[in-house]
Amino acid sequence: MGVAALIVAFALSNGFRDEMKTKILQGTAHMSVVRSDGRPIENHAELAQRLREVDGVVSASATTYDGAIARGSKGSGYAVLRGIENDQLPQASRWLKEGSFSTMFGATCEPNVVIGTDLAKRIGVSVGDVFKIVPATAGTATRELRVAGTFRSGLFEYDSTWIYVAFDTASTLAGDNHAASVMSLQVNDADNVKQVAAKVSQTLGNGYTIVDWQQANQPLFSALALERRMGLFIIGLIIAIATLNITTMLILVVVERRRDIAILSALGATRAGVMLVFITEGAVVGAIGALAGVALGFVLCLIANRYKLVSLPADVYSISNVPLTPRATEMLFAALVAFLLSVLATIYPARAASRLRPVEALRDS
C-alpha cells in the first residue's frame, strides 16, 4: 500500500505539473518582450522582424493586454482584451470551442471577438450576440463587440476573463493607434527558453525587458515542487512504518523458532547461514510487497484517468481535472526503495537469530 501510494503521489504531481505547463504554453507566449520604460512599442513590425532572425525564435508578434468591463444580457464582468495578429491564430485556435477566429480580422460594423466560455456564460452571450465593453483606457466610452466564437483553454483564469480581438481593434479600443504593449515570442524548445532569452537580450540591448514563461510562472511551479516534496515525505513515512512491521514480524519469528534455530546450529549451521534465512524471508516479503504495490499503483492511475476521479474546483486550482501520469523510472524507484528498506529491516532480527546459543535455547525449550 505504501508503494502504491507513492506511485500515485508521483503520478498526481506529474499530471498536475504537466497539465499546467501544457495549458500555459498552448495559449501564451514562451517569451514576452516589453520596453524597459513601460511605453508602447511603436515600431513593433520592425522589431518583430529583428526578433525572428534570432536563433531559436520561431515567431514574434505584437500583442496587447488591456482591461475592460464586459456587459451582457445576464450581467457584467471584468475582462482582458488580448489583441493578436494573424500569425498567432494557429496557436490560439487550439482552444477554439465554437465559431471561428478568422472572422476577427474582417471589416464589420461591430468588431468580431472570441470570448472565453466562462466569461460568456457569466455575462450571457453566445456566438452571434452583440455585447458592450468599457475599456479601462477609454474612460466611460462604451463600445459594441460581436461574438465570433468561444474558446476553452482549461485554465479558469483565461476562460473567465480573456477576450481575443484583432490587434488593430485592440489598439483602437485602447486609444493607442497601432502601438503594441508586448512582443510575444515562440521558441523551438520551450524548456530551453533561457538560452534563447539570453540571445534576444544580447540582440535588443538594455532598452527592453524579457520575461520568459518559466520566470512568469515561477511562484506556481515553486509551490508545486514544495507540495511534491512534502507529499513524498509523508508517504515515505508510511513505507518506513511498513518496514518496521517486517522487523517486528521477524523478531517474533526468532522468539517462536528458538528451538529450531538451536537445532540448526547444533547440526552445523553457521551464523551467516542463519542470518541468510531471515534476510531471505524479509527480502521475499519486500519483493512481493513492492511488485504488488507497483501493480496496484499503476491500476489505480488507470482507473483515476478513465473515470476522471481527481476533480478540482477550477476557480481555485485553474484546472478542473488532473490526469495521473505514472512514469516507469519513478515506479522502479519506489519499488527499489521499498525492497531495500525491507532488506535493511531484516538485519537486526537476523543478527539476533544468529547469536542464539544452541545449548541455552534447547535447555529453555
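Residues numbered from 1 in each chain as written. Predicted model: local features only at pLDDT ≥ 70, side-chain atom pairs only at ≥ 80, totals over all residues. Heavy atoms only, no water.

Each helix and strand in the chain was counted, giving 15 helices and 10 strands. Relative to the compact-globule value of 21 Å for 365 residues, the chain shows a C-alpha radius of gyration of 31 Å, a clear excess of over 25%. Seen along its three principal axes, the alpha-carbon backbone of the chain occupies a region of about 105 × 50 × 30 Å. Within the span of the chain, comprising 365 residues, buried residues form 41% of the whole. Considering only intrachain contacts with a sequence separation of at least 6, the fraction spanning at least 24 residues in the chain is 76%. Carbon and sulfur atoms form 59% of the exposed surface of the chain, whose accessible area is close to 18,800 Å². (Helix = DSSP H or I, 4+ residues; strand = E, 2+ residues; numbered from the N terminus. Rg over C-alpha atoms; globule rule 2.2 N^0.38 Å. Buried < 20%, exposed > 50% of the residue type's maximum accessible area, 1.4 Å probe, protein only. Contact = heavy atoms within 4.5 Å. Areas by Shrake-Rupley, 256 points an atom, 1.4 Å probe, with all protein chains shown as cover.)

Further remarks concern helix 14 (residues 347–354). What helix 14 keeps buried is the set Pro 349, Ala 350, Ala 353 and Ser 354. Take helix 14 and look down its axis: the buried residues cluster within an arc of 135°, on one side only. On its buried face, helix 14 is in contact with helix 9 (218–256), helix 10 (258–266) and helix 11 (271–307). (Arc of directions from axis to C-beta.)

Time to look at the packing of helix 1 (residues 2–27) against helix 9. Taken N-terminus to C-terminus, the directions of helix 1 and helix 9 make an angle of 175°; their axes are 9 Å apart at the nearest point. Taken together, helix 1 and helix 9 sit at an angle that is classed as roughly antiparallel. Along the lines of polarity and charge, the residues of the contact of helix 1 with helix 9 split into 15 nonpolar, 3 polar and 3 charged. (Axes fitted to C-alpha atoms, helices over the stretch in contact; angles between N-to-C directions. Parallel < 35°, antiparallel > 145°, perpendicular 65-115°, else oblique. Nonpolar A, V, L, I, M, F, W, Y, C, P; charged D, E, K, R; others polar.)

A cluster of nonpolar side chains, Met 1, Leu 296, Val 299, Leu 300, Ile 303, Tyr 307 and Leu 309, forms an exposed patch at the surface whose accessible area comes to about 710 Å². For Leu 309, the location among the structural elements is in the loop between helix 11 and helix 12 (314–317). (Patch = residues over 30% accessible without salt bridge, like charges linked within 9 Å, V, L, I, M, F, W, Y side chains within 5 Å. Salt bridge = Lys/Arg side-chain N within 4 Å of Asp/Glu carboxyl O.)

With respect to the helices and strands, Thr 346 occurs in the loop between helix 13 (328–344) and helix 14. Contact partners of Thr 346, with chain neighbours within four places excluded, come to Ile 246, Leu 250, Phe 278, Ile 279, Gly 282 and Ala 283.

Taking 1.5 Å per residue, 37 residues should reach 54 Å; helix 11 reaches 54 Å between its end C-alpha atoms and fits that length. Residues of helix 11 that are buried include every one of Val 274, Phe 278, Gly 282, Ala 283, Gly 286, Ala 290, Gly 293, Gly 297, Cys 301 and Ala 304, and no others. Structurally, helix 11 contributes buried residues whose contacts are with helix 1, helix 9, helix 10, helix 13 and helix 14. The first or second residue beyond helix 11 is Lys 308, which carries a positive phi of 50°. (Expected span 1.5 Å × (residues − 1).)

Within this structure, the stated rule accounts for 11 salt bridges. Close ionic contact of Asp 87 with Arg 52 constitutes a salt bridge, the shortest N to O distance being 3.7 Å. Linking Asp 87 in the loop between strand 3 (76–84) and helix 3 (89–92) with Arg 52 in helix 2 (residues 44–52), this pair joins segments that are 35 residues apart in sequence. Look at Asp 87 and you get partly exposed, because its relative accessible area is 38%. Across the pair Asp 260 and Arg 257 runs a salt bridge whose closest N-O atoms are separated by 3.1 Å.

This part takes up the packing of aromatic side chains. The full count for this structure, using the stated rule, is 10 aromatic pairs. Taking the centre distance of 5.9 Å and the plane angle of 85° together, the rings of Trp 162 and Tyr 164 count as edge-to-face. Trp 162 gets classed as buried once you look at its relative accessible area, which sits at 7%. For the ring pair Trp 213 and Phe 221, a centre distance of 5.9 Å and an interplane angle of 80° mean the geometry is edge-to-face. (Phe/Tyr/Trp six-rings, centres within 6.5 Å; stacked < 30°, edge-to-face > 60°.)

Moving on, we get to the nonpolar core. Of all hydrophobic cores here, the largest spans 45 residues; its most connected members are Met 31, Val 33, Leu 51, Tyr 164, Met 183, Leu 185 and Val 200. Beyond its immediate stretch of four places on either side in the chain, Leu 185 contacts Ala 29, His 30, Met 31, Val 33, Leu 51, Val 57, Ser 59, Ala 60 and Val 200. Ala 68, Leu 81, Phe 131 and Ile 133 belong to the second-largest nonpolar core, a separate cluster that totals 18 residues. (Core = buried A, V, L, I, M, F, W, Y, C linked by side-chain atoms within 4.5 Å.)

Moving on to the pairing of strand 9 (residues 182–187). Summarising burial for strand 9: 6 of the 6 residues are buried, a large majority. Of the two faces of strand 9, both are covered, the one formed by Val 182, Ser 184 and Gln 186 as well as the one formed by Met 183, Leu 185 and Val 187. Of the strand pairs in this sheet, strand 1 (residues 31–35) and strand 9 are connected by 3 bridges, and their pairing is antiparallel. Across the sheet, the residue bridging to Val 33 is Met 183, located in strand 9. Sheet topology note: the strand 2 (residues 57–71)/strand 9 ladder contains 6 bridges and is antiparallel. Bridging from a neighbouring strand, Ser 59 pairs with Gln 186 of strand 9. (Pairing = 2+ DSSP bridges.)

Time to look at unusual backbone geometry. Residue Lys 308 is not a glycine yet carries a positive backbone phi of 50°. Tracing the backbone shows Lys 308 in the loop between helix 11 and helix 12. Overall, Lys 308 belongs to the exposed group, its relative accessible area being 56%.

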